[in-house]
Amino acid sequence: MPEWHELPLRESDPDIASLIAKEKHRQMFGLEMIPSENLVSLAVLEAMGSVLTNKYSEGYPGKRYYGGNVFIDEVESIARERAKKLFRVSHANVQPYSGSPANQAACFALLDPGEKLTGMSISHGGHLTHGVAVNFSGKYYSSAPYVTSQDGWLDYDLIEEHAKKEQPKLIFCGATAYSRVIDFKRLGEIAQAADAFLVADVAHIAGLIAGGAHPSPVGHADVVTTTTHKTLRGPRGAMILCNGNPSDPLKAAERSKENLPTLIDRAVFPGLQGGPHNHTTAGIAVALKEAATPEFADYAKQIVRNSKALAEGLLENGFELVTGGTDNHLMVVDLRSKNVAGKEAELLLDEVGITVNKNMIPFDPRKPYDPSGIRLGTPLLTTRGMKEGEMTAIAGFIAKTIEKRNDTAAKERVASDIKELCSQFIFYA
Ligand code: DSN
């Protein structure tokens, strides 16, 4: 008889085991099109489910507040080295628990409370932590967001003017719902002229950057933050990257561009966090190894090809896209021409097995909880092996679902076609 701690989950806790099984089935038999989601490899899952979760290790490799970290030090050092090599930086902190804490750490490192920051407005595609009023970034700092042009494109002249007028100490760039290439070089020049730190939050496009499908902000931004679970296809976690020479992370450093590594490390620990999640660090290390392969570079390029094929399919079906198309992994669909709102479209698509999220469009006349758009992305479906042909079919499914929203039989046919398509692309057996 096995001891209590040796029982498999299905015997030890059948309730949770059954929910995990149902979620796996949902992920395999539906089309997950939220652009910030992905599927990790079995190797990443194994690292995440390992005994590394048992260990406390406040501090950094070689400088811990707990004993017994000989192997944890090696795991974290490998993760840091792989991150540095992949993104071509001299310093990487792999401890932030996720993207929001990473951005919090960047602010904590680079600003005093009350100082000014600017970031892309959330209603134009920016992120909550780039200065939204209800978030720490808008409450503890003075926030002056920049917006896109009327047609949804970033207008760098406008951002330059905005930075001159507002004189922020920190400029965030990077987005959660922007479908075009970001000109990090221009943003670096804008930040330099404004004497501001430039923080590039590349969470959405980190995998594209690693795979050579989007330019890198390195060399233009002072600090780069990213989650590890979106296009990078790792576990839920984050990293902060920068250049410079780290000194003792446990000793204070003057706030300057030369001291960025130390400022960042001190902001993460002891500034904001306690013990790092070592099982996640191991998962990040594994994902970074995967992301350095030629297969991953092919994957990153296929994400973009799929995104363009999906966008074309939607345009052919009479949908309108913010900025008219996409250069990356996602697109924002302006649903006004189809007389349906984002919330209703999200629910309708959910019914047939397509998971998306409602999203604001720039200058949206509707409210954030019931906006005019939806956001669609291709990273996860690309991981499953789908290509341009499947994207064209999916654009048709989306069109039929929205257009025939009052026709139950038509929606049932779409749902059944989607299950059939998904059964050809099972990722976890
Ligand atoms: N929630 C993430 C997204 O969906 O883009 C951003 O943090």
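You'll find the structure just up there.
These notes cover the structure that comes with them. Here the structure is a predicted model, which is why all the values come from computation and not from measurement.

Further remarks concern the pattern of salt bridges. The final tally for this structure, using the stated rule, is 24 salt bridges. Put simply, Arg26 and Glu32 hold a salt bridge, and the shortest N to O gap is 2.6 Å. We classify Arg26 as partly exposed; its relative accessible area is 36%. Through salt bridges that share partners, Glu23, Arg26 and Glu32 make up one connected network.

By nearness alone, every residue bordering the ligand is listed as Ser36, His127, Thr176, His204, Lys230 and Arg375. Within the side chain of Arg375, an N or O atom sits 2.8 Å from an oxygen atom of the ligand. Summarising the interface, the protein chains cover 64% of the accessible area of the ligand, which totals 230 Å² for the free molecule. In terms of residue class, the shell around the ligand is made up of no nonpolar, four polar and two charged.

On to the pairing of strand E15 (residues 373-377). Looking down a regular strand, the side chains alternate between one sheet face and the other. Most of E15 is tucked away: five of the five residues are buried. Here E15 shows two buried faces, one formed by Gly373, Arg375 and Gly377 and the other by Ile374 and Leu376. Strand direction decides the pairing type here: strand E12 (residues 330-334) and E15, joined by five bridges, are antiparallel. When the sheet's bridge partners are listed, Val332 is paired in E15 with Arg375.

The next subject is the packing of helix H7 (residues 156-166) against helix H8 (residues 184-193). Contact geometry of H7 with H8 gives a least axis separation of 9 Å together with a crossing angle of 20°. Relative to H8, H7 is oriented roughly parallel. Both H7 and H8 take part in a crossing whose hand is right-handed. Side by side, H7 and H8 meet where Tyr156, Asp157, Ile159, Glu160 and Ala163 of the first sit next to Arg186, Leu187 and Ile190 of the second. The residue makeup of the contact of H7 with H8, split by class, is five nonpolar, no polar and three charged.

Rules used in this analysis
- Residues numbered from 1 in each chain as written.
- Predicted model: local features only at pLDDT ≥ 70, side-chain atom pairs only at ≥ 80, totals over all residues.
- Heavy atoms only, no water.
- Salt bridge = Lys/Arg side-chain N within 4 Å of Asp/Glu carboxyl O.
- Buried < 20%, exposed > 50% of the residue type's maximum accessible area, 1.4 Å probe, protein only.
- Near = heavy atom within 4 Å.
- Polar contact = N/O pair within 3.5 Å; in protein donor to acceptor, adjacent residues only side chain to side chain.
- Areas by Shrake-Rupley, 256 points an atom, 1.4 Å probe, with all protein chains shown as cover.
- Nonpolar A, V, L, I, M, F, W, Y, C, P; charged D, E, K, R; others polar.
- Helix = DSSP H or I, 4+ residues; strand = E, 2+ residues; numbered from the N terminus.
- Pairing = 2+ DSSP bridges.
- Axes fitted to C-alpha atoms, helices over the stretch in contact; angles between N-to-C directions.
- Parallel < 35°, antiparallel > 145°, perpendicular 65-115°, else oblique.
- Left-handed = near helix turned anticlockwise from the far one by under 90°.
- Contact = heavy atoms within 4.5 Å.

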